[in-house]
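These are the residues of each chain, in order.
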Amino acid sequence: MPAPGLDPAFTSLPLDALADAALSRAKELGAEHADVRVERIRTGDLALHDAHLETSHEDDARGLAVRVVYDGTWGFAAGVELTTEAAARLADDAVAIARASRAVVSERVELAPEPAYRNVTWISSYDVDPFDVPVVDRIALLADWSARLLPADAVSHADAHLRQVHENKYYADSAGTSTMQQRVRLQCQFSVTWLDAETGRFETMRTLAPPVGRGWEWLTGSDYDWDGELTRLPELLAEKAMAPTVESGNYDLVIDPSNLWLTIHESIGHATELDRALGYEANYAGTSFATPDKLQSLQYGSPVMHVTGDRQADHGLASIGWDDEGVAAQTWDLIRDGLFVGYQLDRHIAAATGAERSNGCAFADSPLTVPIQRMANVSLQPAADGLSTEGLISGVDDGIFIVGDKSWSIDMQRYNFQFTGQRFYRIKSGRIAGMLRDVAYQATTTDFWRSMDAVGGPETYVLGGAMNCGKGQPGQTAPVSHGCPSARFRGVRILNTLAEATQ
């Protein structure tokens, strides 16, 4: 199948003329730096309950943003009118905002250097744009799969949700960079609910399929076993409903990638954002315990721990060609041999801390919002000769195997946390010994990662992630992926969530 081309509804816009009008006006007004983004973002959501459509919504957002550095101060303005006159006016507004801000801002903005990239294009890896599939066909697939779940005795209700995004972005700046990008991403989830009508007790079970930087082929191709997972889902729910509740205590854990990605996101991904560590991001979701004085000295985890940041993973939700400051995608180490060695940076933070270059972590979630430092794909690397998941389990005498993500909680320093999951299995003498329920694991970030004594091999590696990572004031959301293998942890505190809730 030929690779998808750029969206003609976007490329037919007067992109170069809009950029020229804004950049020329900003230069005329004396801006030291100026950049322009023109974006079109299509989003679609479908939700079905018991195979019946509840929500069908599509949105098409277009806009133009101009950002400047004037007299060492940020200025930003955005609007939806895509004319050269409007672009020039936005440059006026951005400079005016910078002038007004200069009186109350003490720190001068400098940007780390980045080469110019002229008239370059990047398209994410996908085959079929989901928006090219008629909405009736999308609904029909979800309804058919939901209907397969409902006849099972354990299933009281079945819910389906599909979200798809098609993002086009044009970027140009006063240094000469001009980039064109197109990204597609998709998330599909099914959940089933068991309900005891007499007691009111209920249990749920959800599919494990992660959100992906792929197209409609994710649902119709052979890369994921949707048929097998949907077939097993009612059986797993029935087993969970009848499973015994866990006894609180310390256990060895083997954690599946479908659960561990979220722990990576919260305790490593956010903790290694340098704007948090410096206190720039403190109002919403907090700062970070991983402060700059700990760089190159903090033993974040055990020696088997190797974590990278990247904007290049194939099908990664945070994968790009260039970020929203014109910085090319890169891959770098955050934690190596358990030692904390790197941060995620944008151009301003890089310059302010003496780094030679940003690693491309600036992103705005719409054409009307300002770029802020956002998370790259942050991933725990597998061991080249690592064990299978079964091999990791075989090394546990008394423990729990955890699969799938669910609820979570972490403090404002990204240090004390608690995570639950979709399903839990008791491990006895190296073997699975039935399902458990009401399980949560609790630790500090460093205690948890230092307790990791083995990571699985490449065959256990899965790229998970989220479509809606929140940050900033006003809040923005961003897509991000986290890859990891299965991994084993020793002596982790397990809580019984049912007992905690009733105390």
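In this report, the structure presented in the accompanying data block is examined. Residue positions are given per chain, counted from 1 along the sequence in the order it is written. pLDDT decides what is reported in this predicted model: residues at 70 or higher carry local features, side-chain atom pairs at 80 or more are listed and counted, and totals for whole chains, interfaces and linings draw on all residues regardless. Calculation of side-chain values draws on the structure's entire complement of heavy atoms; hydrogens and water are dropped beforehand.

### Quick look at the overall build of the protein
What counts here: In this text, helices come from DSSP runs of H or I with a minimum length of four residues, and strands from runs of E with a minimum of two, each type numbered from the N-terminal end. Note that the radius of gyration is over C-alpha atoms, with the globule rule given as 2.2 Å times the number of residues to the power 0.38. Burial classes follow relative accessibility: with a 1.4 Å probe on protein chains only, a residue under 20% of its type's maximum area counts as buried, one over 50% as exposed, and anything between as partly exposed. The contact criterion used throughout is that any non-hydrogen atoms of two residues lie within 4.5 Å.
Looking only at helices and strands, one finds 12 helices and 24 strands in the protein. By the compact-globule yardstick of 23 Å for 503 residues, the protein fits well, its C-alpha radius of gyration being 24 Å. Reported as C-alpha extents along the three principal axes, the dimensions of the protein are approximately 70 × 55 × 45 Å. Across the 503 residues in the protein, those meeting the buried criterion constitute 58%. The long-range share in the protein, meaning contacts at least 24 apart out of those at least 6 apart in sequence, stands at 76%.

### Considerations on the side chain of Glu281
In plain terms, the rule: Counting rule for charge: Lys and Arg are taken as positive, Asp and Glu as negative, and neither His nor the chain ends is counted. One side-chain nitrogen of Lys or Arg within 4 Å of one carboxyl oxygen of Asp or Glu is enough to make a salt bridge. Contacts described as polar in this section are N or O atom pairs within 3.5 Å, which, within protein, must combine one atom able to donate a hydrogen with one able to accept it, while residues neighboring in sequence count only if both atoms come from side chains.
Mapped onto the elements of the fold, Glu281 is located in the loop between α8 (274-277) and β9 (307-310). The charged side chain of Glu281 is buried without a salt bridge, its nearest counter-charge being Arg276 at 4.5 Å. Within the structure, the side chain of Glu281 is placed 3.2 Å from the backbone nitrogen of Gly472, a separation counted as a polar contact. With sequence-adjacent residues up to four places away left out, Glu281 is seen in contact with Asp275, Arg276, Gly286, Thr287, Lys471 and Gly472.

### Examining the sheet that holds strand β10 (residues 331-336)
Which entries qualify depends on this criterion: When DSSP finds two or more bridges between a pair of strands, those strands are recorded as paired. Angles shown run from 0 to 180 degrees and are taken between the N-to-C directions of axes, each axis being a line fitted to C-alpha atoms and, for helices, limited to the stretch in contact.
The 4 strands are arranged β11-β10-β9-β14 in an open sheet whose pairing can be described as antiparallel. The sheet is open, and its two edges are formed by β11 (339-340) and β14 (377-380), each paired on a single side. Where β10 lies against β11, 2 bridges are found, and the strand directions are antiparallel. By the bridge assignment for β11, Arg336 is matched with Leu339. Along the sheet, helix α7 (residues 257-269) makes contact with β9, β10 and β14, crossing β14 at roughly 115 degrees.

### Digging into the environment of Ser409
Residue position: Ser409 is located in strand β16 (residues 408-410). Classification of Ser409 by relative accessible area gives partly exposed; the value is 43%. Note: C-alpha distance between Ser409 and Thr263 (146 residues apart in sequence) is 9.9 Å. Beyond its immediate stretch of four places on either side in the chain, Ser409 contacts Asn416, Phe417 and Gln418.

### Comments concerning unusual backbone geometry
Backbone torsion omega between Gln473 and Pro474 reads -5 degrees, so that peptide bond is classified as cis. Along the polypeptide, Pro474 turns up in the loop between β22 (462-471) and β23 (476-484). Positive phi outside glycine occurs at Asn119, with the angle close to 55 degrees. Within the element layout of this structure, Asn119 appears in the loop between α3 (84-102) and β4 (120-123). The phi dihedral of His315 falls on the positive side, at around 70 degrees, and the residue is not glycine. Mapped onto the elements of the fold, His315 is located in the loop between β9 and β10. Its relative accessible area of 18% is what places His315 among the buried residues.

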